[in-house]
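# Observations on the model geometry
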Amino acid sequence: MTPEEARRYVLARARERGVAAEVLAELGRELTARAHQRRLEQLTQAVRGGVGVRVVVAGRTGYAYSEELTPEALDWMLQEAIDNAGLQSETGGFLPAGRATPHRNLVGQALQGSLEAKIQMAIGLESTIREDARVKQVLYASYAEREWEVAVASTEGAEGSYRRGVAGLIASLVMQDGASRKQGFDDEWATGVAALEPGRTALEMTERTGRLLGAKPLPTGKYRAYLEPKAAAALLAAFSPMWNGKQVAEGKSPLAGRLGEAIASPLLTLIDDPLLPDGLASRPVDAEGTPAQKTVLVQSGVLTSYLTNSETARTLGLQNTGHAWRTYRGILGVAPSNLYVAPGQGVTLADGVIVSEVMGVHAGTNPITGEFSVQALGLRVEDGAIAYPVENFAIAGSFLALMRQITALGSELKWEYAGRIAYGVPMIEVSELTFAGA
């Protein structure tokens, strides 16, 4: 069977048995071409997919999935989900009533192109990186594609499907100037192959890593901080669970119970928009088939919404924002899509530290308390100009305090892609941040 046929088969079987069921079918494709020494080192292509079902029996929810799309396997999957539901506690589980949403092909011909041309993009990326005499090693340089097709339908009337994909350039390099060595990792993603420029991307990668050579230790202190988009996006990704309705409902977010409260600088507006034109993670429906919608989480500093699915919306007594998330092998959760900070009027450098990179984010951040302490690299700013690179320091504090202390936002949005979720952030100026250095 095709995934579409499998989806219809399982729903028909569920209806015959009087079981409320939701079926999620996924098909993912990956392509990675890695270059080394100006030739193709490794080519990886993979296709993976399956069908997952969520059933609700007497308020109990059960899940199961199958990657074999035969009637026998799908019958087993449905029975397994029903049996699993019987093992759960009664939690008032339900499937939301839904409607049909038109299919959206968000890829079109954007990923079309010969395999040889894509391999040459990886080789071109590596070759241009090596043209910089300070580059001592290119650990890898790759062209990558990620494409996914998702279809969801339920016995309660929800139905929707879409196809989305991205293409990217990824590299890791080591640069040296005298005794100073720096290793850099960088990636750039777009919704189409034509938007990628290996030569320009390679030059940007060597510029971002090369400017950190010759770094000096940064004395401990409080400095005005200028968070570059890549560093700010990493922090936003780490703390985005603070807006997750499930985390809020479980009391695991410092934003719980604070709707309508000023939590950030009036300059900050935070938005999640699954319908963003050409967004890296755009989608017309969520994992429950709920039509997607733009959701403003923070408007001019005021907390206006959380991200919810049907379950967390009911628990919190709020509107379902259509942010259900799961893969065919997973259980229901909540996740953003294209999450971004609205750009501002621009940042003017004065005196402080540009934070260009943060490291150890997963270990050094706590979205339950909002606290963070992460290693970082950057550039000292004096008298309105970049003076010299700095290293051997960590930035620490509260993400809530950081949001309150925003004093300017850059005018240009930069996007970081993190596996079906995209984070967009401009340069962020923070009036004061703790730097623990030498």
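### Quick notes on the environment of Asp278
Tracing the backbone through its elements, the reader meets Asp278 in the loop between strand E10 (270-272) and strand E11 (295-299). Given a relative accessible area of 59%, Asp278 falls into the exposed group. A sequence separation of 207 residues divides Asp278 from Pro71, and the C-alpha atoms of the two residues are 38 Å apart. If we ignore the near neighbours within four places in the chain, the residues touching Asp278 are Arg164 and Thr191.

### Structural notes on the packing of aromatic side chains
A full pass over the atoms with the stated rule returns seven aromatic pairs. Aromatic pair Phe239 and Phe399: ring centres 4.6 Å apart, planes at 15 degrees, arrangement stacked. Here the residue Phe239 occupies a position in helix H5 (residues 229-239), and Phe399 occupies one in helix H9 (residues 399-404), the gap between them amounting to 160 residues. Residue Phe399 is classed as buried on the basis of its relative accessible area of 6%. Ring geometry for Phe393 and Phe435: centres 5.6 Å apart, planes at 45 degrees, overall tilted. Highlighted residues: Phe393 in strand E19 (residues 385-398) and Phe435 in strand E23 (residues 428-436), separated in sequence by 42 residues. What links up through ring pairs into an aromatic cluster is the set Tyr223, Phe393 and Phe435. The ring of Tyr388 is capped by Lys216, whose NZ or CZ atom sits 4.3 Å from the centre of that ring. Against the face of Phe94 rests Arg314, its NZ or CZ located 3.6 Å from the ring centre.

Calculation rules
- Residues numbered from 1 in each chain as written.
- Predicted model: local features only at pLDDT ≥ 70, side-chain atom pairs only at ≥ 80, totals over all residues.
- Heavy atoms only, no water.
- Helix = DSSP H or I, 4+ residues; strand = E, 2+ residues; numbered from the N terminus.
- Buried < 20%, exposed > 50% of the residue type's maximum accessible area, 1.4 Å probe, protein only.
- Contact = heavy atoms within 4.5 Å.
- Phe/Tyr/Trp six-rings, centres within 6.5 Å; stacked < 30°, edge-to-face > 60°.
- Lys NZ or Arg CZ within 6 Å of the ring centre and 35° of its normal.

Note that every value here comes from positions in space, so none of it alone points to a role or purpose.
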